[in-house]
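Architecture and fold: a report
Here's the letter readout for the chains.
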Amino acid sequence: MKKNISILGVPMDLGQMRRGVDMGPSAIRYAGVVERLEALGYKINDLGNIEIEQAERVQNPETNLRNLKAVADGSEKLAAGIHGIIDNGEFPLIFGGDHSIALGTLAGVAKHYENLGVIWYDAHGDLNTADTSPSGNIHGMPLAASIGIGHPALTGIGGYSPKIKPENIVIIGARSLDEGERELIKEKGIKVYTMHEIDRLGMTKVMEESIAYLKERNVDGVHLSLDLDGLDPNDAPGVGTPVIGGISYRESHLAMEMLAESDIITSAEFVEVNPILDEKNKTANVAVALMGSLFGEKLL
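This is a predicted model, so every value here is computed, not measured.

**So, the overall build of the protein**
Of regular secondary structure, the protein possesses 11 helices and 10 strands. Here the protein has a C-alpha radius of gyration of 17 Å; the compact-globule value for 300 residues is 19 Å, and the two agree. Counting every position in the protein, which comprises 300 residues, the buried fraction comes to 60%. Accessible surface for the protein amounts to roughly 11700 Å². Of this, 49% is attributable to carbon and sulfur atoms. Of note, the protein has its 27 positive side-chain charges centred 2 Å away from the centre of its 43 negative side-chain charges.

**Digging into helix H7 (residues 179-188)**
Owing to its 3.6 residues per turn, the α-helix brings residues three or four apart onto one side. Every buried residue of H7 is listed here: Gly180, Glu181, Leu184 and Ile185. All buried residues of H7 fall inside an arc of 135 degrees around its axis, so they share one side. Opposite its buried face, H7 presents the exposed residues Lys186 and Glu187, each directed more than 90 degrees away. In the core, the buried residues of H7 are packed alongside helix H5 (142-146) and strand E8 (191-194). Trailing H7 by a residue or two, Gly189 shows a phi angle of about 65 degrees, which is positive.

**Remarks on the UniProt feature "binding site: Mn(2+) 1" (unreviewed entry) in the protein**
What UniProt calls "binding site: Mn(2+) 1" (unreviewed entry) maps, in this numbering, to His99, Asp122, Asp227 and Asp229. Spatially, the listed residues are clustered: although they cover 131 residues, their C-alpha atoms lie within 10.4 Å of one another. Tracing the sequence through the fold places Asp227 in strand E9 (residues 221-227). Since its relative accessible area comes to 2%, Asp227 is described here as buried. Setting aside its immediate chain neighbours within four residues, Asp227 contacts His99, Tyr121, Asp122, Val271 and Glu272. Among the polar contacts made by the side chain of Asp227, one reaches the side chain of His99 at a distance of 3.3 Å.

**Looking at the side chain of Asn67**
Mapping Asn67 onto the fold places it in the loop between strand E4 (65-66) and helix H3 (68-87). Classification of Asn67 as buried rests on a relative accessible area of 6%. Reaching out from Asn67, the side chain makes a polar contact with the backbone oxygen of Leu14 at a distance of 3.1 Å.

**Structural notes on the UniProt feature "binding site: Mn(2+) 2" (unreviewed entry) in the protein**
Those residues carrying the UniProt feature "binding site: Mn(2+) 2" (unreviewed entry) are His124 and Asp126 in this numbering. In this structure, His124 sits in the loop between strand E6 (116-121) and H5. Within the secondary structure, Asp126 is located in the loop between E6 and H5.

**Focus on the sheet that holds strand E10 (residues 265-271)**
In space, the 8 strands of this open sheet follow the order E2-E1-E5-E10-E9-E6-E7-E8, with parallel pairing throughout. Pairing within the sheet leaves two strands with one partner each, and these edge strands are strand E2 (43-49) and E8. Ignoring which end each strand starts from, the neighbouring axes of this sheet average 15 degrees apart. Against the sheet, helix H4 (residues 102-110) engages strand E5 (91-96), E6, E9 and E10, with an angle of about 155 degrees to E6.

**Details of the packing of aromatic side chains**
Within this structure, the stated rule accounts for 2 aromatic pairs. Both rings, one in Tyr42 and one in Phe295, keep their centres 5.4 Å apart while their planes meet at 80 degrees; by these two values the pair is edge-to-face. Here the residue Tyr42 occupies a position in the loop between helix H2 (33-39) and E2, and Phe295 occupies one in the segment after helix H11 (282-294), the gap between them amounting to 253 residues. Phe295 matches Tyr42 in its accessibility class, with the two residues each being buried. Ring pairs connect the aromatic residues Tyr42, Phe91 and Phe295, which therefore count as one cluster. For the cation-ring pair, Lys163 lies above Tyr160, with the distance from its terminal atom to the ring centre recorded as 5.0 Å. Positioned above the aromatic ring of Tyr213, the side-chain terminus of Arg217 is 3.7 Å from the ring centre.

What counts and how
- Per-chain numbering applies: the sequence of each chain, read as written, is numbered from 1 onward.
- Residues qualify for local features only when their pLDDT is at least 70, as the model is predicted, and side-chain atom pairs are given and counted only at 80 or more; totals for whole chains, interfaces and linings, by contrast, use all residues.
- With hydrogens and water stripped out, all remaining heavy atoms of the structure feed into the side-chain values.
- The numbering of helices and of strands both runs from the N terminus, where a helix is a DSSP run of H or I of at least 4 residues and a strand a run of E of at least 2.
- With the radius of gyration taken over C-alpha atoms, the globule rule is written as 2.2 Å times the number of residues to the power 0.38.
- Each residue's exposure class comes from its accessible area (1.4 Å probe, protein chains only) as a fraction of the maximum for that residue type: buried when under 20%, exposed when over 50%, partly exposed otherwise.
- Here the open area of atoms and residues is found with the Shrake-Rupley method and a 1.4 Å probe, where only the protein chains shown may cover a residue.
- For the charge count, each Lys or Arg is scored as positive and each Asp or Glu as negative, with His and the chain ends excluded.
- Taken as the charge location is NZ of Lys, CZ of Arg, CG of Asp or CD of Glu.
- As used here, the arc is the angular range of directions from the helix axis to the C-beta atoms.
- Whether two residues are in contact is decided by their heavy atoms: any pair within 4.5 Å suffices.
- UniProt positions are given in the numbering used here, feature names are shortened, and annotations may be inferred rather than shown by experiment.
- Any N or O atom pair separated by 3.5 Å or less is treated as a polar contact, with the protein-specific requirement of one donor-capable and one acceptor-capable atom, and with residues adjacent in sequence counted only for side-chain atom pairs.
- When DSSP finds two or more bridges between a pair of strands, those strands are recorded as paired.
- As a rule, the C-alpha atoms of each element are fitted with a line to give its axis, helices using only the stretch in contact, and angles between N-to-C directions run from 0 to 180 degrees.
- We call Phe, Tyr and Trp rings a pair once their centres come within 6.5 Å, taking the six-membered ring for Trp, and we label the pair stacked below 30 degrees between planes, edge-to-face above 60, and tilted otherwise.
- Only lysine NZ and arginine CZ atoms are considered, and such an atom sits over a ring when it is within 6 Å of the ring centre and within 35 degrees of the ring normal.

Listed below in structure tokens is the structure:
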């Protein structure tokens, strides 16, 4: 990985309905992320947070999308910020905020790659659209929009679409999928490791296969999008949409350690840390510990 890391926080809480996730970037910083990465020899450039406008928290009956304009505007700002980071030759490390921020992250990152791969570490598929979403919450839609499916205001962020190919995606940890998402996964042939596969194969095999799968597709970069609700709520309680039976703390460290060894990750985001729902900043501390493993931290 590049030794210069630029951190950008995105205090976005408009992609869903539970308040507090806008404080996620602050919670992660408070948990000592800068000091931890500097101890590993990285030069850290903390760019602060992008500004997210306050929006009336309503659902547009014409689109079934909550806070569409505000989410899209924030995503455009994020994409522009990431362009600057990559143009400066630095590794973009993004803190959320809810998972709708991936709209801007992928829009900013994918423009710099011909064939970007994505590892989506999450309890959810985030493959809904306005037509399939039960809630209208945009944090459940960024992956669909990034493959070009959804409202034009979401698919067109950054001025181009699609950002990624469905066959270049690996979802890890899924255990809560809506019917429309299941159909889209089958239709597009998206690679998914549910908790069933993780239990049956073990995390070592899942990560070996995931890394090999992306390399076989000749990706020229890999973005890691890690939602803390991918972990079991016992290990990461401070998330907006917890789902029991998730990936363990130790399995997650192993996954990050294997990604570090593979040296394929070129950008990353850690999202859905909600300190209001947390226990003594436990989830932010977990996020920072996982970042340590992702960036090469070892016991010996």
